Amino acid sequence: MATTAAPPATGKLVGKRLRRKEDPRLITGTATYVDDIKLPGMHHACIVRSPYAAARIKSIDAKAALETPGVVAVYTGADTKEVGPVPCGASLPGLRVPHHYILATDRVYFVGHPVAVVVAGDKYVARDAADSIEVDYDVLPAAADPEKALTPGAPAVHPEWPDNTAFTYHQEGGDIAQAFAEADVIVKQRITSQRLIPTPMETRGVVADWKPGDKALTLYSSTQIPHLLRSLVAGMLGLAENKTRVVTPEVGGGFGCKLNVYAEEALMSFVSMKLGKPVKWIESRRENYVATIHGRGHVDYLEIAAKKDGTILGLKLKLIQDLGAYHQLLTPVIPTLSVLMMPGLYRFRNVTADIVGVFTNCVPTDAYRGAGRPEATHAIERMVDMLAAELKLDPADIRLKNFIQPEEFPFATATGLTYDSGQYDLPLRKALEIGGYAALRAEQQTARVAGKLMGIGIATYGEICAFGPSPATPAGGWESATVKVDPDGKVTVLTGSCHHGQGEETTFAQIAADELGIGLDDVVVFRGDTAIVQYGIGTFGSRGTAVGGPALYYALQNLKKKLKRYGESALGSDDVRYEAGQCICNKTGKTASLAQLAGASYRALKLPPDEEPGMQTTFFWEPPNFTFPFGAHLVVTEIDRDTGRIEIKRYVAVDDCGKIINPLIVDGQVHGGVAQGLGQALYEQVVYDDNGQLLSGELTDYAIPKATMMPWVESHHTETPSPVNPLGVKGVGEAGTIGCSPAVVNSVVDALSSLGVRHLDMPLTPEKIWNVIQQGARA
Amino acid sequence: MKIAGTQTLPLSRECAYRAMQNPDVLVQCMPGCESLEATGAQEYAMKMKMALAAISGQFQGKVKIADAAPPERFKLIVEGTGKIGFMKGEGALELTEAGEASTQVTYEGDVQVGGTIAAVGQRLIDTTAKMMIRKFFDKLVEVTAGMR
Amino acid sequence: MIPHSFDYAAATSFADALEQVAAGAKPLSGGMSLIPMMKLRLAAPERVVDLGRIQGLNYIHQDQAGIHVGALATHFEVETSALLRAGCPLLSETAGWIGDVQIRNRGTIGGSVAHADPSADYPAALVALDARIVVASKRGGERTVGANDFFVDALTTAAEPDELVKEIIVPVETMGTSYQKLLQPASGFAIVGVAARIGQDGHGRLGVTGLGARPILITDATDLAALNTTEANSDIHAASAYRREMAKVYARRAIAAARARA
Ligand SMILES: Cc1cc2nc3c(=O)[nH]c(=O)nc-3n(C[C@H](O)[C@H](O)[C@H](O)COP(=O)(O)OP(=O)(O)OC[C@H]3O[C@@H](n4cnc5c(N)ncnc54)[C@H](O)[C@@H]3O)c2cc1C
């Protein structure tokens, strides 16, 4: 795909298509993941989980397990009641928060609910012993479908709240009544964004290591948020934070599902503290599907009002969010993000939205790549297409007509956001040009005459990134960076964000190397150990570079000031500049290299006045606003009439993520995002039966896209710098996912429009399409 | 999962009905069934060993006959729990005369499956359920051959 | 995912394997079906005998009777065998559709045939080819079973528990052939798969996998009516009605492709 230039030793690196520094260890299998950690005396835990979605626990008999040679302990909910609860970071008015014990106490609420933990000297013994634990359940009726759970008489997930409603939330802006009164046309549709399983390649894993002598805990966990995890787990266990260390080794994919604090993280800590031994727990894939959060789970009822000419006036939304049985860290927040982004890139200012958060006897939902924005974008982009069809307008034209214009920024939206910057027509026009839109439409005409089902789909999207200004986030939305120059002049960046595949080991090195005028290989970027790295927030919501990057930038500016002060001292002049890895005296031309300056700072013989020894700066950066990337995806599909199979003929993605630091990494992020968007659009579906049994419980039945199922993604960009931060970056981790699903569905609906199809819910399986074609043929 | 079908038995209706209520017959016909012990009127504790090629598992549960309306119809309820999962099947069976010494059995019901077999055995549950029903009736024909 | 503990022994020869199987050991070939089931704890054999180290049992050779494929021939070896590609291209083509390359490198024809998965690919080809399956036991020696009799039901074959599949004999091809498959996107197994052997006149045989509990043999490819009446599987990936229609669509495609090669 992308050709890669060899990295130059020095010179301008930002903007270059460089290969990732982290890749060699990842692709040669030499990286260290949680499961690679082996500590002396380490024990292994296996968790017994509920096979029922709803049941009372009558008794637990662990006698046989405890008698198994090698087993050292079994703990049940009765032992762990004092730990926790598993935290919910959301605070919505009136939110009902069930007490989330780390092990079930008297009842289980979903298939996969942890009931007991067995600890043994090796994992095989632990697993066998887990099977010998007899749990006597009194099975209860379950509520697995969010809409059915809301009907009167449905089984109550939490008996104390028989209506299964965790919260309702209302938000409005403008005058929706007037907008609908003035409308020439109103289009209504129910649109779902199905439940998905994030499926990182590496499942979760924890090693907890309690040192009884020090009364200190080290917790190794595959997480996106080491510092927040430390704060929250310490709180769950009653430990001081300075006696709690979280280490995040390599993380084999997070996608939001590791932006959380899980029962197992506290449970393993508890076990290690009880036994005084290190304990490892590695989640199996089976467990991952029933114990790690799922994503999406929306049912949206939408109404869009417009003038005959296509001017959109307003939007009404009723959103039913399937929350699952508990609130994990951000569960209830996710649908509120959808509401924020409902208006998309469009100018209309009349919006009303009502969310009903529903408990079900299923795995909790939470942030999954895009977290709320794919749902919103899918809904608005489908509605705009339906509106265009209703008014017989071209889907590109209706978008161009309603976009917020460049001169309107900063733009205050009906949902209370201030969009930073944008030229929303640019990616769309570029996508139309690259795709050859006019020619495609002509080709489609010919294809139709020949009886072929060809579709052209467009989706434009706006996303909210760089989470975020602290007042708008549950835990502080800033990020931190430390830059250290060692005595030999080599540079280490400690970032508080916790990249796990996004490539910041390279992009941050590019930024630092450019600012300091040194080579890419002179910089090491380190993250993920709370004993080494200053407090940070983590990597999620496309914030790594957009918030962590500026923090680094400002730390570098301060470092350069310091270097200059040492330069003045070393060169005996106050007319000194820092440039290209050295301080230069403007008068004499004498120089002091970075290594000399750093060395002098540690040797500390000639300290500049009022300057401390050492060459290190730290910066905590609070962003003034979110950033709002945008883009347009264009998808050409052809459908096999006989089978309903969809072939993607073209996939054009034009994404504007602000300034691009490394185009190769940006393209990689877009490709990966598109893969997951395509998964939702075409393949992935969590299937629960009426009793809350997860039927798609393994990769043999849950279809994530494989390499062979990916189309060629033509990835292009426009670059509209964000004024929010000095780097002009906006974030790109989720863009591909957000733009993809509506573009694909719009394309398929376009292909089938001649059969009278107006809308289809995801995933667009061949069987679903085939059924539609059969109905169309009959009609 | 819904199941439905019909099967012809070379027995009179009364005979067929009686056979299907007889625990000694049921224990032979239900695939893998090892024992049925009466726990109440038309209610039995069941032990079963499912073995399908490499797949195997022990199940414990119960078999119950309800809504009996001899010789026309009854309900058969089978429940089993084991380490690899659990199942609960409820079927309404209707017997109609199809000539002399021939009875047509129409069944319709619902099978719920849970645990590992439900989560990872999607591809095989439907085929397996059908196979077990097929085996049940084949065996029934065999066992009742001498009963007319 | 950790299986129950089990005893393991590698067979040193086919005779040794027969001995061990007779004593109750479960044969392990490529392990691509058995090991996942053991890890999920759906299968829990107490003793496993590994056939994988038996020398030479992956042979592919030809004589008057046809082409003999040893039980240990991997899917990849079948896919790429020059002898099969020339003499029985249907088997090679079918093998190429199994799983992914890692699966094909380990999975064996003997294991697949013995496992008799209702969605496996080989059974469609083998019934269409009227292949013969040679099974052997310590008790009764060797016997040969026609493919259509061999596949009895879902995961059930005519082989007794103490019998091992030794080899598969396929005829040297005289007709045009094709295997067409609709994949289930998660596992790659067939929703339906159709193997066709068709002459220039359009007549010929079909084998269909995925539709029923066992492969369906259609001896007159001009008449697909049988596909309307057989019991059709249903799961979260495809309901019976769709499966049935797809069996017909893929049958027509396989027939057309095979005829073009006749
Ligand atoms: C991800 C994945 C995708 C797959 N996709 C497909 C697909 O698309 N199409 C397809 O057809 N298959 C597919 N398979 C299955 C694969 O083809 C297996 O290789 C095959 O089913 C079993 O062969 P094996 O050699 O691995 O046998 P094993 O797994 O070792 O054994 C399977 C069974 O056969 C028995 N057995 C093995 N050898 C003998 C013998 N010689 N005699 C008697 N009994 C024996 C074993 O005891 C066991 O019960 C897939 C498997 C996986 C894991």
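Remember, it's a predicted structure, so these values are computed and weren't measured experimentally.

Caption draft 1: Looking closely at the sheet that holds strand β1 (residues 7–10) of chain C. Residues and elements named next belong to chain C. Reading across from one edge, β1-β3-β2 is the order of the 3 strands in this open sheet, with parallel pairing throughout. Edge positions in the sheet fall to β1 and β2 (26–28), since each of these pairs with one other strand and no more. Across this sheet, the average inter-strand angle for adjacent strands is 30°, counted without regard to direction. One ladder, built from 3 bridges, connects β2 with strand β3 (residues 47–50); its direction is parallel. Within β3, the residue paired with K26 across the bridge is V48. Sheet contacts for helix α1 (residues 14–22): β1, β2 and β3; angle to β3, the most-contacted strand, approximately 165°.

Caption draft 2: Just the domain arrangement of chain C, in detail. Examined at the domain level, chain C breaks down into domain 1 (7–50), domain 2 (60–170) and domain 3 (176–261). The distance between the C-alpha centroids of domain 1 of chain C and domain 3 of chain C comes to 32 Å.

Caption draft 3: Broad picture of the packing of helix α15 (residues 504–516) of chain A against helix α16 (residues 544–571) of chain A. Residues and elements named next belong to chain A. Direction vectors running N to C along α15 and α16 enclose 30°, while the axes themselves pass 10 Å from each other. Relative to α16, the element α15 lies roughly parallel. Along this stretch, α15 crosses α16, giving a crossing that reads as right-handed. Here E504, T507, F508, I511, A512, E515 and L516 of α15 lie close against α16, whose contacting residues are G544, T545, G548, G549, L552, Y553, L556, Q557, L559, K560 and L563. Considering only residue class, the contact of α15 with α16 consists of 9 nonpolar, 6 polar and 3 charged.

Caption draft 4: Expanded view of the side chain of E767 of chain A. Here E767 of chain A is to be found in helix α20 (residues 766–778). Despite its burial, E767 of chain A remains without a salt bridge, the nearest opposite charge being carried by R243 of chain C at 7.5 Å. Ignoring any residue separated from it by four or fewer positions in sequence, one finds E767 of chain A in contact with H237, A238, A239 and Y242 of chain C.

Caption draft 5: Representation of the domain arrangement of chain A within the structure. Residue and element names in this part refer to chain A. Segmenting chain A into domains produces domain 1 (23–31 + 478–621), domain 2 (34–140 + 203–251 + 258–291) and domain 3 (371–460 + 627–778). Contacts between the two partners involve 16 residues from domain 1, matched on the other side by 15 residues from domain 3. Our count for the domain 1 to domain 3 interface comes out at 0 salt bridges. Of all elements in the fold, only α15 and α16 reach the threshold of two or more residues within the side of domain 1 that touches domain 3. Counting residues per element, the side of domain 1 that touches domain 3 draws most heavily on α16, which supplies 6 residues. The residue makeup of the side of domain 1 that touches domain 3, split by class, is 6 nonpolar, 10 polar and no charged.

Reading the values: rules and limits
- Residues numbered from 1 in each chain as written.
- Chains lettered and ligands numbered in written order.
- Predicted model: local features only at pLDDT ≥ 70, side-chain atom pairs only at ≥ 80, totals over all residues.
- Heavy atoms only, no water.
- Pairing = 2+ DSSP bridges.
- Helix = DSSP H or I, 4+ residues; strand = E, 2+ residues; numbered from the N terminus.
- Axes fitted to C-alpha atoms, helices over the stretch in contact; angles between N-to-C directions.
- Contact = heavy atoms within 4.5 Å.
- Domains from an automatic or database assignment.
- Parallel < 35°, antiparallel > 145°, perpendicular 65-115°, else oblique.
- Left-handed = near helix turned anticlockwise from the far one by under 90°.
- Nonpolar A, V, L, I, M, F, W, Y, C, P; charged D, E, K, R; others polar.
- Buried < 20%, exposed > 50% of the residue type's maximum accessible area, 1.4 Å probe, protein only.
- Lys, Arg positive; Asp, Glu negative; His and termini not counted.
- Salt bridge = Lys/Arg side-chain N within 4 Å of Asp/Glu carboxyl O.

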